[in-house]
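# Observations on the three-dimensional arrangement
So you can see what is in the structure, the chains are spelled out below.
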Amino acid sequence: MKSGIVQGIDVLLRENTYLGKRLGMVTNEAALTQSGYPSRKALLDAGFTITKLFSPEHGLNVTCADGARVEDQTDLLTGLPVISLYGERLKPNPGTLLNLDAVLFDIPDVGARFYTYLWTMTYMMEACAEAGIAFIVFDRPNPIGGAMWQCESPMLDEANCSSFIGRWSIPIRHGCTLGELARYFKTTRLQNLHLEIIPCEGWERRQSFFETGHLFTPTSPAIRDAETALLYPGTGLLEGIHISEGRGTASAFKQAGAPWINAVKWQQAMDAAIVKGVSVETVTFTPEWGLYAGELCNGLRFSVNDARSFRPVAFGICLIQQLMHLYPDLVKPRLYPTVANPSGENHLDRLVGIKDAFTKLKSGEKVITDLNEEWRKEINTLLLY
């Protein structure tokens, strides 16, 4: 990786803190050191005493399908037992934390509220607080940038929309690192947690992956590059309606469509909406699996041309509302079954974070509001960078 940024894992390896402690670790194969080595193995090789691993959605190897059950396993790289936190449990059982002094957390994120790694972190934070052991986050940059003026609403309506793709109230594009969100949740919800953050060095909040010089490591099967990560807080909302978000192709979240769409009309509607920082062009694709598998879909392909001005959430909302205007009888809510939501119901509400999201979007109600001041006041004193 060619940049001046030093990630939390590399800071710890340099300083060798916590040697001699009995450790568990929440991680996956996407968590690499600066030299490209899996962080769990790097710690073991440096003499750290890790006795068990915990894996999030997509599994330790980051290969399991979206929403699919992940079983416990043994890590072939280290020989350590791996306890899945996306299978029969989302929160670790108390017995799995016995005989541990601390739990380490090192997983790259993508900066969107409905990406589940964040919420796996919160469940482990709760478990560590209850067990009276330390929780230690190896921080990493937010790949889509940390400028507070780029954060996008809506805030999550916890009373009606709390779920594993949004447990607690933060914006969809939150602008924080996972270390910063851990500090925020300790301050607001888990005051008795012994939390430690190993900050990264050399990262500036305004920087996205396009500007850091880092190589992007795929964080899940569908998030393969930095452009996809930036599109995801918006195009991920398409999971909530009967439109293919590109899963089952090599360009998930970079394209979307359905067999019944007139791509030219959709493109014309989006061009007229003048969304900054992104261009759209017509495309056809045939998903190999997922929604409309084996069917030719007509739709749009998305390309970010200005990461600083692009607002992915506003873009995703615009995509949906333009389709609703063009096809009021064909655009319908979509069931999206997952391990965390077996019925798949109310998926759009959970993604957007507000009750009756489909009805509100179809009526043209404004769901994107200015939360810069509100969010800044809540989070500003806890930012690390």
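A brief look at the structure comes next. Note that the structure is a prediction, hence the values are computed from the model and not measured.

### So, the nonpolar core
In terms of nonpolar packing, the biggest core is built from 103 residues, with Met121, Met124, Phe135 and Trp375 touching the most fellow members. When residues in this core are grouped by element, the largest group, 10 residues, is from helix H3 (residues 117-131). Those residues in contact with Met124 that sit more than four places away from it in its chain are Val26, Phe54, Leu85, Pro92, Leu97, Val103 and Phe135. Formed by 20 residues, the second largest nonpolar core is a distinct cluster that contains Ile9, Leu12, Leu104 and Ala134.

### Observations regarding the sheet that holds strand E9 (residues 278-285)
As summarised here, the arrangement of the three strands in space is E8-E10-E9, forming an open sheet in which the pairing is antiparallel. What marks the edges here is a single partner per strand, and that holds for strand E8 (255-258) and E9. In this sheet, adjacent strand axes meet at a mean angle of 25° when their direction is disregarded. In this sheet, strand E10 (residues 297-304) lies alongside E8 in antiparallel orientation, the contact comprising four bridges. Bridge pairing links Gly257 to Gly299 in E10.

### Some remarks on the packing of aromatic side chains
Under the definition given, this model contains 17 aromatic pairs. Between Phe105 and Phe135, the ring centres sit 6.0 Å apart and the planes meet at 50°, which makes this aromatic pair tilted. Within this pair, whereas Phe105 is found in strand E5 (residues 102-106), its partner Phe135 is found in strand E6 (residues 134-138), the two being separated by 30 residues in sequence. Relative accessible area serves as the criterion here: at 0%, Phe135 is assigned to the buried category.

### Describing the layout of surface pockets
Any empty space left between atoms is shown by rolling a water-sized probe over those atoms. Considered as a void within the structure, the largest pocket measures approximately 330 Å³ in volume. If you go around the largest pocket, you meet 18 residues; those closest to its centre are Glu152, Ala314, Lys366, Ile368 and Thr369. Per-element accounting of the lining of the largest pocket gives the leading share, four residues, to helix H9 (residues 312-326). Looking at side-chain class alone, the lining of the largest pocket contains eight nonpolar, five polar and five charged residues. Here the second largest pocket is characterised by a volume of approximately 200 Å³. Across the lining of the second largest pocket, the residue classes tally to six nonpolar, five polar and five charged.

### Section: the sheet that holds E5
The strand order across the open sheet formed by seven strands is E3-E4-E2-E1-E5-E6-E7, and the pairing between neighbours is mixed. One side of each edge strand has no neighbouring strand; the edge strands of this open sheet are strand E3 (73-74) and strand E7 (195-198). When E3 meets strand E4 (residues 81-84), the two strands line up antiparallel, connected through two bridges. Among the inter-strand pairings, Thr74 is bridged to a residue of E4, identified as Pro81. Of the strands in this sheet, strand E1 (22-27), strand E2 (49-55), E5 and E6 are in contact with H3, which crosses E6 at around 155°.

### So, the pattern of salt bridges
Throughout the structure, instances matching the rule amount to 23 salt bridges. Residue Glu204 pairs with Arg206 through a salt bridge whose shortest N-O separation is 3.0 Å. Note that Glu211 and Arg308 form a salt bridge whose closest N and O atoms lie 3.0 Å from each other. Note that Glu211 is positioned in helix H6 (residues 209-212) and Arg308 in the loop between E10 and H9, a separation of 97 residues in sequence. Looking at Glu211, the relative accessible area reads 34%, which means it is partly exposed. By relative accessible area, which is 36% here, Arg308 ends up partly exposed. Bridged by salt links that share partners, the residues Asp66, Glu239, Glu245, Arg247 and Arg334 form one connected network.

What counts as what
- Residues numbered from 1 in each chain as written.
- Predicted model: local features only at pLDDT ≥ 70, side-chain atom pairs only at ≥ 80, totals over all residues.
- Heavy atoms only, no water.
- Core = buried A, V, L, I, M, F, W, Y, C linked by side-chain atoms within 4.5 Å.
- Buried < 20%, exposed > 50% of the residue type's maximum accessible area, 1.4 Å probe, protein only.
- Helix = DSSP H or I, 4+ residues; strand = E, 2+ residues; numbered from the N terminus.
- Contact = heavy atoms within 4.5 Å.
- Pairing = 2+ DSSP bridges.
- Axes fitted to C-alpha atoms, helices over the stretch in contact; angles between N-to-C directions.
- Phe/Tyr/Trp six-rings, centres within 6.5 Å; stacked < 30°, edge-to-face > 60°.
- 1 Å grid on protein atoms, 1.4 Å probe; cavity = no way out; pocket = protein on both sides within 12 Å on 5 of 7 lines; lining within 4 Å.
- Points joined across faces, edges and corners; volume = space filled by probe spheres on them.
- Nonpolar A, V, L, I, M, F, W, Y, C, P; charged D, E, K, R; others polar.
- Salt bridge = Lys/Arg side-chain N within 4 Å of Asp/Glu carboxyl O.

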